[in-house]
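Structure at a glance
Each chain is listed here by its residues.
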Amino acid sequence: GYQSADANAMGCVYIAGGTCQAAFEKAIKMEIITREVCLSATHDISITSIGGKRFIVLEHAPHPSWHLVMGREPKAVRIFKETMCTLNGMRRWCAVGGDIGACVDVALGDLAQLVAERAIARTFVTELLYGVRTDRFEPRHAHLRHMDAHKPEVQALMTKWHGASVLHSIL
C-alpha cells in the first residue's frame, strides 16, 4: 500500500453527504482538485490535492446527521459508526503511516469484514449497471453503495431483474 513519509502533515477531509460529494466531483472535473491516488477502494479513501496541499479524503459517506434524520434506524446507525471508525483509522494512518487498510480495519473492529464484503459487492453491482467492474457508482446510483449486495439472495434477485431489463427501471 501507499506509505507516506509526510502522512502526519496531511489533513483529513470527510466528504459528508451527497451534496458535498457532488461539489467535490465537480471540483475534480474542473481540475480545481486532483485525486492523486486511491489509498483504499474498500474504504473509499484517496489522497487528493489542491494548490499543492495534499490531504487524505473519505468519500461517499453520509452526512453525520443522516442517522438522526433516519430516526436512528439500525442500518443508518451502523453506517454512521462505520464512517466514524474509518475516520479514526485515517487519523491513525496520518499519525503513524503504514498500511491504510490495516489502520482502518483495526478502527472498524468487528465491522471490518462487513465493510470488505460490501466493497466487493459494489463491483458486482457496477458491473450489472454499467458493464464495467469498478468501485465507483455514477452519482445517480450513489445511494446503492450501502445496499446489501453482499448477500447471495440480493445478488440473485439483481441478476434476475437485470436479465429481465427491470433493474434499471427500479433503480
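Being a predicted model, the structure only gives us computed values, none of them experimental.

Quick look at the overall build of the protein
In terms of regular secondary structure, the protein is built from 7 helices and 4 strands. The secondary structure elements of the protein, listed N-terminal to C-terminal, are β-α-β-β-β-α-α-α-α-α-α. Within the protein, buried positions represent 41% of all 171 residues. Of the contacts formed within the protein by residues at least 6 apart in sequence, a portion of 55% connects residues at least 24 apart. Carbon and sulfur atoms form 58% of the exposed surface of the protein, whose accessible area is close to 9100 Å².

With respect to the confidence of the model for the protein
Across the protein, the average pLDDT comes to 85, with 89% of residues at 70 or higher. Per-residue pLDDT, averaged within each element of the protein, yields its smallest value for helix H7 (residues 167-170) (65) and its largest for strand E3 (residues 45-50) (94).

Comments concerning a nonpolar patch on the surface
A cluster of nonpolar side chains, Met30, Ile32 and Ile50, forms an exposed patch at the surface whose accessible area comes to about 270 Å². Here Ile50 lies in strand E3. Overall, Ile50 belongs to the partly exposed group, its relative accessible area being 36%.

Let's talk about the side chain of Arg118
Along the chain, Arg118 falls in helix H5 (residues 112-130). You can call Arg118 buried: its relative accessible area is 5%. Ignoring anything within four residues of it in the chain, the contact list for Arg118 reads Arg78, Glu82, Arg145, His146, Met147 and His150.

A word on the sheet that holds E3
Pairing is mixed across the open sheet formed by 4 strands, whose spatial order is E1-E4-E3-E2. If you trace the sheet from one side to the other, it starts and ends with strand E1 (11-16) and strand E2 (34-40), each paired once. The mean angle between the axes of side-by-side strands here comes to 30°, regardless of whether they run parallel or antiparallel. Sheet contacts for helix H3 (residues 74-96): E1, E2, E3 and strand E4 (53-61); angle to E4, the most-contacted strand, approximately 160°.

How each quantity is defined
Per chain, residues are indexed from 1 in the order of the written sequence. At least 70 in pLDDT is required for a residue's local features to be given in this predicted model, at least 80 for side-chain atom pairs to be given and counted, and no such filter applies to totals for whole chains, interfaces and linings, which use all residues. Hydrogens and water molecules were not included; the side-chain quantities draw on all heavy atoms of the structure. Counting from the N terminus, the helices are DSSP H or I runs at least four residues long and the strands are E runs at least two residues long. Each residue gets one of three labels from its accessible area relative to the maximum for its type: buried under 20%, exposed over 50%, partly exposed in between, using a 1.4 Å probe on protein chains only. Contact criterion: two residues are considered in contact whenever any of their non-hydrogen atoms come within 4.5 Å of each other. Surface exposure here means Shrake-Rupley accessible area, sampled with a 1.4 Å probe, where a residue is shielded only by the protein chains that are shown. pLDDT measures the predictor's confidence residue by residue and takes values from 0 up to 100. Here, patches come from residues exposed beyond 30% relative accessible area and free of salt bridges, joined within 9 Å for like charges and within 5 Å for nonpolar side chains (Val, Leu, Ile, Met, Phe, Trp, Tyr). When a carboxyl oxygen of Asp or Glu lies within 4 Å of a side-chain nitrogen of Lys or Arg, that pair is called a salt bridge. What makes two strands pair is DSSP finding at least two bridges between them. Only the contacting stretch of a helix is used when fitting its axis, a line to C-alpha atoms as for every element, and angles between N-to-C directions run 0 to 180 degrees.

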